[in-house]
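# Fold and geometry: a report
Okay, here's what each chain looks like letter by letter:
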Amino acid sequence: DAKTTQPTSMDCAEGRAANLPCNHSTISGNEYVYWYRQIHSQGPQYIIHGLKNNETNEMASLIITEDRKSSTLILPHATLRDTAVYYCIVRFLLSGGYQKVTFGTGTKLQVIP
Amino acid sequence: EPEVTQTPSHQVTQMGQEVILRCVPISNHLYFYWYRQILGQKVEFLVSFYNNEISEKSEIFDDQFSVERPDGSNFTLKIRSTKLEDSAMYFCASSRQGYGTDTQYFGPGTRLTVL
């Protein structure tokens with residue numbers, strides 16, 4: 001799996017958009033970008049994933065650059081409950097689908113009232 | 001929304017004792033995983049399980065560890081003789097068979113404390 005680089009920590013004001021960057025300059029054409037988060041030692045929570053197109057769901061948006069070397073996770077209106085460690089993970093997926101998720105150290109997002 | 005559940009939420013045991021951590025994966029999922037997280041460290045992969053067999057295991061998953069799917073709903077992790085360094089959060093995850101994508105959904109974890 002390609003290596004990712006994320007800032008160690010970020011702050012965001014409550015109600016504002018939180019933009020979490022991730023660099024994955026060695027990503028290959030069949031590797032996906034996944035985002036998970038972990039709220040205070042709870043189980044990692046799946047947020048969103050994408051291959052090359054931008055993606056949006058009820059939790060977040062994922063913007064992937066055209067060259068796919070970086071991406072940004074956007075939480076449109078951050079709340080205090082979004083305070084967590086956010087993990088950007090690049091995964092090559094076999095057709096069988098049974099592959100481990102390799103977690104890095106992630107970005108600790110602190111949402112400030 | 002279906003979710004992965006784990007029991008117990010906290011297990012305290014004496015060094016050398018056997019523990020069994022239990023998980024109920026999402027019902028239509030076919031792939032099962034265990035991860036662990038030592039306090040303050042990264043989440044680490046332990047083992048993946050499919051079709052009643054281990055698909056992959058990490059170097060952490062030594063002979064003291066075993067996994068089982070004893071019935072159609074439960075997935076268990078057994079540690080035969082616990083050590084102090086086994087103290088950690090243990091997370092179960094599951095995924096359904098997907099072609100091209102595979103999203104793993106994690107349970108809330110079991111905190112194992114070995115005294």
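Here, the structure is the one placed above.
Residues numbered from 1 in each chain as written. Chains lettered and ligands numbered in written order. Predicted model: local features only at pLDDT ≥ 70, side-chain atom pairs only at ≥ 80, totals over all residues. Heavy atoms only, no water.

Another aspect to go through is the state of the cysteines. All names here are of chain A. Going through the model one piece at a time under the given rule, you end up with 2 disulfides over all chains. Note on cysteine connectivity: Cys22 is disulfide-linked to Cys88, with sulfurs 2.1 Å apart. Handedness here is read from the sign of the S-S torsion; for Cys22 and Cys88, about -80°, the answer is left-handed. Taken together, the positions of Cys22 in strand E2 (residues 18-23) and Cys88 in strand E8 (residues 84-92) put the pair 66 residues apart, joining distant regions of the chain. Like Cys88, Cys22 is buried. There is no disulfide at Cys12, and the cysteine sulfur nearest it, in Cys22, is 18 Å away. A residue is classified by how much of its surface remains accessible, and Cys12, at 7% relative accessible area, is buried. (Disulfide = S-S within 2.5 Å. Helix = DSSP H or I, 4+ residues; strand = E, 2+ residues; numbered from the N terminus. Buried < 20%, exposed > 50% of the residue type's maximum accessible area, 1.4 Å probe, protein only.)

If charged atoms from side chains of opposite charge come close, those side chains can pair. Taken as a whole, this structure holds 2 salt bridges over all chains when the rule is applied. For the salt bridge of A:Asp82 with A:Arg37, the shortest nitrogen-to-oxygen distance reads 2.8 Å. With A:Asp82 in the loop between strand E7 (70-75) and E8 and A:Arg37 in strand E3 (residues 31-38), this pair connects stretches of sequence that are 45 residues apart. You can call A:Asp82 buried: its relative accessible area is 12%. Of the charged contacts in the structure, one is a salt bridge between B:Arg36 and B:Glu44, with a shortest N-O distance of 3.3 Å. Classification of B:Arg36 by relative accessible area gives buried; the value is 10%. (Salt bridge = Lys/Arg side-chain N within 4 Å of Asp/Glu carboxyl O.)

What follows is about the pairing of strand E11 (residues 110-114) of chain B. All names here are of chain B. Only one face of E11 is buried, namely the one carrying Thr110, Leu112 and Val114, since none of Arg111 and Thr113 on the opposite face is buried. Bridge analysis of strand E2 (residues 10-13) against E11 gives 4 bridges, and the strand direction is parallel. Across the sheet, the residue bridging to Gln11 is Leu112, located in E11. Across 3 bridges, the pairing between strand E9 (residues 88-95) and E11 is antiparallel. Of the residues in E11, the one forming a bridge with Ala88 is Leu112. (Pairing = 2+ DSSP bridges.)

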